[in-house]
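Here are the chains, one letter per residue:
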Amino acid sequence: VQLVESGGGLVQPGGSLRLSCAASGFTFSTYAMNWYRQAPGKERELVAAISSAGGRTDYADSVKGRFTISRDNAKNTVSLQMNNLKPEDTAVYYCNGGRPWGQGWYWGQGTQVTVSS
């Protein structure tokens, strides 16, 4: 099983980034997928979740209206579009999946997102 994130980087406040996660080694289309993040000194938190077919999504209150999770089951990818980024969004972002809903068994290696002027 592999989950490989990409798309992180340094962005100014108010800017946008799009994270992507490429999955392999498991039946991607049958599982929910999640994005988590962990800031220095803080616990890992769920940012966004999407059901196996994409019909259900869930977001942390802190990102509602700014972030959008989506998936392409034909390409085994899940993405996180992040708009109007704030310094408090700075964290390592992790792709996660492998269960019908909730935190899955599989984790990516993480990608750093830094929001700073």
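Notes on the structure follow. (Residues numbered from 1 in each chain as written. Predicted model: local features only at pLDDT ≥ 70, side-chain atom pairs only at ≥ 80, totals over all residues. Heavy atoms only, no water.)

1. As for the pairing of strand E5 (residues 45–50)
Note the following rule: At least two bridges found by DSSP between two strands are what make those strands a pair. Put simply, DSSP marks the helices as runs of H or I at least four residues long and the strands as runs of E at least two long, and each gets a number from the N terminus on.
By the bridge criterion, five bridges tie strand E4 (residues 33–38) to E5 in an arrangement that is antiparallel. Opposite Met 33, over in E5, you have Ile 50 as the bridge partner. Counting the residues in the hairpin turn of E4 and E5 gives six residues, including Gly 41, whose phi is positive at 80°. Examined bridge by bridge, E5 and strand E6 (residues 57–59) share three bridges and lie antiparallel to one another.

2. Observations concerning the state of the cysteines
Simply put, disulfide is the name for a covalent bond between the sulfur atoms of two cysteines. Let me state the cut-off plainly: Throughout, a disulfide means two cysteine sulfur atoms within 2.5 Å of one another. Summary of the burial criterion: residues with accessible area below 20% of their type's maximum are buried, those above 50% are exposed, and those between are partly exposed, where the area comes from a 1.4 Å probe applied to protein chains only.
By the definition in use, this model includes one disulfide. A disulfide bridge connects Cys 21 with Cys 95, and the sulfur atoms are separated by 2.1 Å. Here the S-S torsion is close to -80°, and the disulfide linking Cys 21 with Cys 95 is therefore left-handed. Of this pair, Cys 21 sits in strand E3 (residues 17–24) while Cys 95 sits in strand E9 (residues 91–97); the two residues are 74 residues apart in sequence, bridging distant segments of the chain. Both residues of the pair, Cys 21 and Cys 95, count as buried.

3. Description of the sheet that holds strand E8 (residues 77–82)
Applicable threshold: For helices, the fitted line uses only the C-alpha atoms of the stretch in contact; every axis is such a line through C-alpha atoms, and the angle between N-to-C directions lies from 0 to 180 degrees.
The four strands are arranged E1-E3-E8-E7 in an open sheet whose pairing can be described as antiparallel. Edge positions in the sheet fall to strand E1 (2–6) and strand E7 (67–72), since each of these pairs with one other strand and no more. Within this sheet the neighbouring strands show an average axis-to-axis angle of 15°, counted without direction. Pairing geometry for E7 and E8, over six bridges, is antiparallel. Looking at E8, one finds that Ser 70 is bridged to Ser 79.

4. Structural notes on the packing of aromatic side chains
As a reminder of what qualifies: Only Phe, Tyr and Trp rings are paired, with Trp represented by its six-membered ring, and only when their centres lie within 6.5 Å; those with planes under 30 degrees apart are stacked, over 60 edge-to-face, the remainder tilted.
Counted according to the given criterion, the structure contains five aromatic pairs. Seen in terms of ring centroids, Phe 26 and Tyr 31 are 6.0 Å apart; in terms of plane orientation they differ by 35°. Their pairing is tilted. Judged by its relative accessible area of 24%, Tyr 31 falls in the partly exposed class. Counting every residue linked through ring pairs, the aromatic cluster contains Phe 26, Phe 28, Tyr 31 and Tyr 106.

5. Some points on the nonpolar core
To keep things clear, this is the line we draw: Put simply, a nonpolar core is a bunch of buried Ala, Val, Leu, Ile, Met, Phe, Trp, Tyr and Cys residues held in one set by side-chain atoms that sit within 4.5 Å of each other. The contact rule is simple, with two residues in contact once any of their heavy atoms fall within 4.5 Å.
Residues Trp 35, Val 78, Leu 80, Met 82 and Tyr 93 are the most contacted members of the largest nonpolar core, which totals 28 residues. Those elements giving two or more residues to this core turn out to be E3, E4, E5, E7, E8, E9 and strand E11 (111–115). Looking at this core, the element that brings in the most residues is E3, giving four residues. Setting aside residues up to four positions removed in sequence, Tyr 93 forms contacts with Glu 5, Leu 19, Trp 35, Tyr 36, Arg 37, Val 47, Phe 67, Leu 80, Met 82, Gly 110, Thr 111 and Val 113.

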